[in-house]
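# Examination of the molecular architecture
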Amino acid sequence: MNRREFLKTAALASCSLMVPGMEAWALESKTVGKNTGKLVVVFLRGAIDGLSVLPPVGDSRYYSLRPRIAIPSSQSENGALYLDGHFGLHPALAPILPLWKNKKLSFVLNSGSPNPTRSHFDAQDYMESGVPGSKSISTGWLNRLLAQLPSNDSPVRAINIGATTPRILSGPVAVATYAPTAKRRMTPLDQPNISAAFSEMYSGRNDVFSKTFEQGMAARGEFNEAFEKSAMQEMVAADGGALPANKFSGFGRQLGRLIKEEPKVQVAFLALGGFDTHVNQGASQGQLANQLNTVGRGLQELIAALDDTFNNTMVVVISEFGRTVKENGNGGTDHGHGNLIWLMGNRVNGGKLYGNWSGLDQNSLFEGRDLPVMTDFRNVLASGIGNHMGLSSKQREIVFPGYMPGDKTVAGIFA
Amino acid sequence: MQNKVVPALLALSLLTSGLNVNALPQKAETQSENDKIQHLLNRITFGKTYSDIGLVSKMGIENYIKSQLHPQGIAVSEDLEELSKAEALQASPAQLFIKYGRPAIKAAVQNQEQLEGKIQKPFELVKGANASDKDNSKTESKKQFNKMVREANQIIYGDTALNRIARAVESPRQLEEVMTDFWFNHFNISSDKGLDKIWVGAYEEKAIRPYVLGRFRDLLGATAHHAAMLFYLDNWQNSAPKASDGDDFAQNLQPNKKKNNNKGINENYARELMELHTLGVDGGYTQKDVTELARVLTGLGTPNRGAMIGKLNRQFKNARAQNPMMNNRFVRNYGQFVSADQLPGNKLLGSYFDPARHDFGDKVILGTKFKGEGEKEIEQVLDLLAKHPSTAKHISYQLAQYFVCDKPPASLVENLSQVYLKSDGDIATVLGALFHSNEFWDVKNQNAKFKSPYRFLISTLRATDTRIEDVKPAVNYLRQAGMPLYQCLTPDGYKNTQEAWLNPDNLVNRLNFATAFSAGRLRGMQPQTTRLDLVAQSLPSKMSEKTNSAIKKAPKAMQLALILGSPEFMKY
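Residues numbered from 1 in each chain as written. Chains lettered and ligands numbered in written order. Predicted model: local features only at pLDDT ≥ 70, side-chain atom pairs only at ≥ 80, totals over all residues.

For chain B, the count of helices and strands is 31 helices and 4 strands. Pairs at least 24 apart in sequence give 78% of the contacts found in chain B among residues at least 6 apart. (Helix = DSSP H or I, 4+ residues; strand = E, 2+ residues; numbered from the N terminus. Contact = placed C-beta atoms within 7 Å.)

With that settled, the discussion passes to the overall build of chain A. For chain A, the count of helices and strands is 14 helices and 11 strands. Taken across its 415 residues, chain A has 54% of its residues classed as buried. The contacts of chain A with a sequence gap of at least 6 include a subset with a gap of at least 24, amounting to 74%. (Buried ≥ 20, exposed ≤ 12 C-beta atoms within 10 Å, placed from the backbone.)

Turning to helix α29 (residues 545–553) of chain B, its buried residues are B:Lys546, B:Thr547, B:Ala550 and B:Ile551. Angular distribution of buried residues about the axis of α29(B) spans 130 degrees; they occupy a single face of the element. In this structure, the buried residues of α29(B) make contact with α8 (192–202) of chain A together with α30 (556–564) and α31 (567–570) of chain B. (Arc of directions from axis to C-beta.)

All names here are of chain B. Each assigned domain of chain B is listed here: domain 1 (2–30 + 450–570), domain 2 (87–255 + 346–356) and domain 3 (388–445). Listed by partner, the interface residues are 19 residues for domain 1 and 19 residues for domain 2. Taken together, the elements giving at least two residues each to the side of domain 1 that touches domain 2 come down to α24 (453–463) and α25 (472–480). Counting residues per element, the side of domain 1 that touches domain 2 draws most heavily on α24, at 4 residues. Here the side of domain 1 that touches domain 2 is built from residues that sort into 13 nonpolar, 3 polar and 3 charged. (Domains from an automatic or database assignment. Nonpolar A, V, L, I, M, F, W, Y, C, P; charged D, E, K, R; others polar.)

Let's shift gears to unusual backbone geometry. Not every positive phi belongs to a glycine, and A:Asn280 is a case in point at roughly 45 degrees. Among the secondary structure elements, A:Asn280 is positioned in the loop between β7 (267–272) and α12 (287–306). For A:Asn280, a count of 16 C-beta atoms within 10 Å gives the class partly exposed. Phi angles above zero are rare outside glycine, and B:Asn447 is one such case at about 55 degrees.

Looking now at the packing of α8(A) against α29(B). At their nearest, the axes of α8(A) and α29(B) sit 8 Å apart, and the two run at 155 degrees to each other. When the axes of α8(A) and α29(B) are compared, the pair comes out roughly antiparallel. Two packed elements cross with a definite hand, and for α8(A) against α29(B) that hand is right-handed. Along the contact surface, α8(A) presents A:Ala197, A:Glu200 and A:Met201, while α29(B) presents B:Lys546, B:Thr547, B:Ala550 and B:Lys553. When the residues that make up the contact of α8(A) with α29(B) are grouped by side-chain class, the tally is 3 nonpolar, 1 polar and 3 charged. (Axes fitted to C-alpha atoms, helices over the stretch in contact; angles between N-to-C directions. Parallel < 35°, antiparallel > 145°, perpendicular 65-115°, else oblique. Left-handed = near helix turned anticlockwise from the far one by under 90°.)

The next subject is the interface of chain B and chain A. At the interface, 46 residues of chain B touch 44 residues of chain A. Top element by residues in the side of chain B that touches chain A is helix α27 (residues 504–518) of chain B. It accounts for 9 residues. Its residues assigned to classes, the side of chain B that touches chain A shows 20 nonpolar, 16 polar and 10 charged.

On to the nonpolar core, then. In terms of nonpolar packing, the biggest core is built from 148 residues, with B:Trp199, B:Ala228, B:Leu293, B:Leu399, B:Leu416, B:Leu434 and B:Leu478 touching the most fellow members. The element that contributes the greatest number of residues to this core is helix α9 (residues 136–170) of chain B, accounting for 11 residues. Every residue in contact with B:Leu478, bar those within four places of it in the chain, is listed here: B:Pro453, B:Tyr454, B:Leu457, B:Met483, B:Pro484 and B:Leu485. Ranked by size, the runner-up nonpolar core spans 98 residues in total, among them A:Tyr178, A:Phe310, A:Val399 and A:Phe414. (Core = buried A, V, L, I, M, F, W, Y, C linked by C-beta atoms within 7 Å.)

With that settled, the discussion passes to the packing of α24(B) against α25(B). In a packed pair of helices, the relevant descriptors are the angle between the two axes and the axis-to-axis distance. All names here are of chain B. Their axes nearest at 9 Å, the elements α24 and α25 cross at an angle of 150 degrees. The angle between α24 and α25 falls in the class roughly antiparallel. Here α24 runs over α25; the crossing is right-handed. On α25, the residues that touch Pro453, Tyr454 and Leu457 of α24 are Ala474, Tyr477 and Leu478. When the residues that make up the contact of α24 with α25 are grouped by side-chain class, the tally is 6 nonpolar, no polar and no charged.

Residues and elements named next belong to chain A. Among the 7 residues in strand β1 (residues 38–44), 7 count as buried, and that is most of the element. Burial along β1 is two-sided: Lys38, Val40, Val42 and Leu44 and Leu39, Val41 and Phe43, pointing in opposite directions, are all buried. Two strands pair when backbone bridges link them, and β1 and strand β8 (residues 313–318) are joined in this way by 6 bridges, in the parallel orientation. Considered in β8, the bridge of Leu39 is made with Met314. By the bridge criterion, 6 bridges tie β1 to β7 in an arrangement that is parallel. (Pairing = 2+ DSSP bridges.)

All names here are of chain A. Of all the 7 residues making up strand β9 (residues 339–345), 7 are buried; the element is thus mostly covered by neighbouring parts of the structure. By the bridge criterion, 5 bridges tie strand β4 (residues 105–112) to β9 in an arrangement that is antiparallel. Within β9, the residue paired with Ser106 across the bridge is Leu343.

Okay, the confidence of the model for chain A next. All names here are of chain A. Averaged over all residues, the pLDDT of chain A equals 84, while 84% of them reach at least 70. Counting interchain partners and residues more than four positions distant, the pLDDT-below-50 stretch residues 1–34 has 26 contacts. Every residue in residues 234–246 scores below 50 in pLDDT, and together they form 17 contacts with partners more than four places removed in sequence or on other chains. (pLDDT = per-residue confidence, 0-100.)

As structure tokens, then:
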């Protein structure tokens, strides 16, 4: 029995041993059965400025600390979109405002990784391994999560958009890496005689190349099939035959369709870069606003493309850390600490903010300069995803080893 | 499982010598000279060729290592020399800006329009490239402008990439090429970011390449003073919070008299300088050290852009006065009228230290006090960082990972660190020690590395003696493989481990590339040597029986692709 088989069995065993009534998710996971919830994780690399995503427009200190880059209040032209009076939403995120109004979108304030590093690379690594501060764990939490889900033996259980496997998805469960191209076209290995010759060479070697080759060919087959389905072709036609390569909105639609058409997809991951705004980040308009506009439209299109599959899908947006509360000398912000986690889905009690907000006074800031982390990202993920995907508390411990959920800052966020 | 596989392997080994090294461990001392040459070439070059093997057999392993570590005596073909004369590599950052920067292109568009009678106004400097487009003629100009910007970027990127790939494939100074890739990646900049589009080639040629086998301190100094790095990591904007608007030079030529509001510390470069370039993330520095280093670096930037634009403006007028018939190719030939020599600062690398933007207070970094003396502080702090034991360890780890195995043994890293410190960071000395270490020759580390897409590409071209005529197919492959040349966005550069690059889509992608390339379907990149016995000598390890029989069974037209797409070819 290999490790993966073992974990699957362990997952089933712990399901049957669940203590009744422990938490709401316990009951639900039984009824969900085979059809557990789907998860899309979007990682905004480079540390997005949470104070621009959700500007605290009701706090005058926000405006004095950020004279050039603060988002004006909701009353002003181009101001923040109204959320609850104290916090607004960046105007470039207007595409996701309807989700908030429909109570399917919420944010967790002052959240993130408890590790204080301000290195992008370490912080991303920790958020992806799921074990902040430890460099000895080689798997990512999303891969460990997959190992806990009932396996459907599909080569596209997990989809990664991009050319390389990110840390969050590394581990024993196979991941279909899908590098988006401008258009789907035939490649040499789509021709049976060519793929047969390579199969002859690669198959049955009992090594990592053999396995990787087989996974690659199988996933390619599934993707090709999904793309041939009518809805996919319609979409391609609507884009003039070309899927935008560098736009999240294109990916959003592409990914949404794929998840809808291919019921075996359980988890998808997508990373976007370009949020490291040290210089001229702008306010309602400008560099960051353009990026946010792409994110907002992308999310909107992802959700639209998911269609009724959205009922069963949770979308989580994370970033390695937040940025300095005070703007720097160049109309930008430097590396900070606390940030936001964005949550979208039917099971999210949205239209409300969660987490602890401690204001912007110097003495309530982390090291006198950054938002503190008062809610561990693992708290949000373990409870939200555990619930949504039907994981026992034991299984959640396997996904986030060594993490003891305790704080109640996100109580009530998940239906 | 073992019961089945082991006898099968043994049985095969009786039939053929074509087994991979990993399957049957051998002791180092029993390795044949040929096996050793094979391993050495796998690691020192971007992929051995049948002719390399003959060369090393003749001159001996020791002499080969020595010649690669000190390659000045190895002749490079005239053809490659010629390629490296490209302006993208040789011109200074100021010259490149004056010729290919947006203001120059804007000016050229306007000049052309005036000659064609589309605009009436005499030439005047246009402040930004983003003037609003209210009427059609302006939309036209903008189109023309965008087109010329694209062309300019293509010239720079194309020449830079062609140079890099042709040299990596063809240069007999292979270690120099390997180290150019290594150090560029270590001090990564991205040609996707603004001005680095036009400075990337100059950066590689003037800040990286001359020092790849020299002293680390020189490499660190050259990158710290190159305009491309200062722009990429924002240090050109890093200034003392209460600085004046810049020195007289900058002020006088400021085209628009707008007050400079961009003042204050920007710690981006300071952080990466310690985290990535020198000490390493666990090198023992604090947030306070980052902020203090950022203060030391205040004022180190590029000559004020206004100065360059002012220069451009005056030169442009003079040039036009001399030759009113300048056509719209003007921008291409513009350099001949302009000398960027009068710009202040480091002419070769393009940095300029502006004392008016510097924080002259005292600083403490890693426990060492630095008196606020201006430019000198920067050199002092770079000295401190280059000599630091954490830097020695960080650099040694990266070299060991690159040349030995993905998780290099601590003993090797420690030994190399000692050599680094004793030799004052002499890279050739550290590499010499590495190539003579037991860990390097340990059979279990041989053939244990997985090629990155870049190495896969270069080794494919080397195996087939391919002289690239057009760089596009190579660049496209690297983009699809997730390793676009010069376009790693983040300052940590690309990883070089199997974990990072072995995944299903990426492997299938390699096989697609090998097939298209072998069939001669990539324009400007035709395999020259297609003799299977010669190409097979480029396999990093002996061909397995499985591979051998699959190739024999396949149609002739596919056999080359199968060698280049074989599992054996993926490792080194």
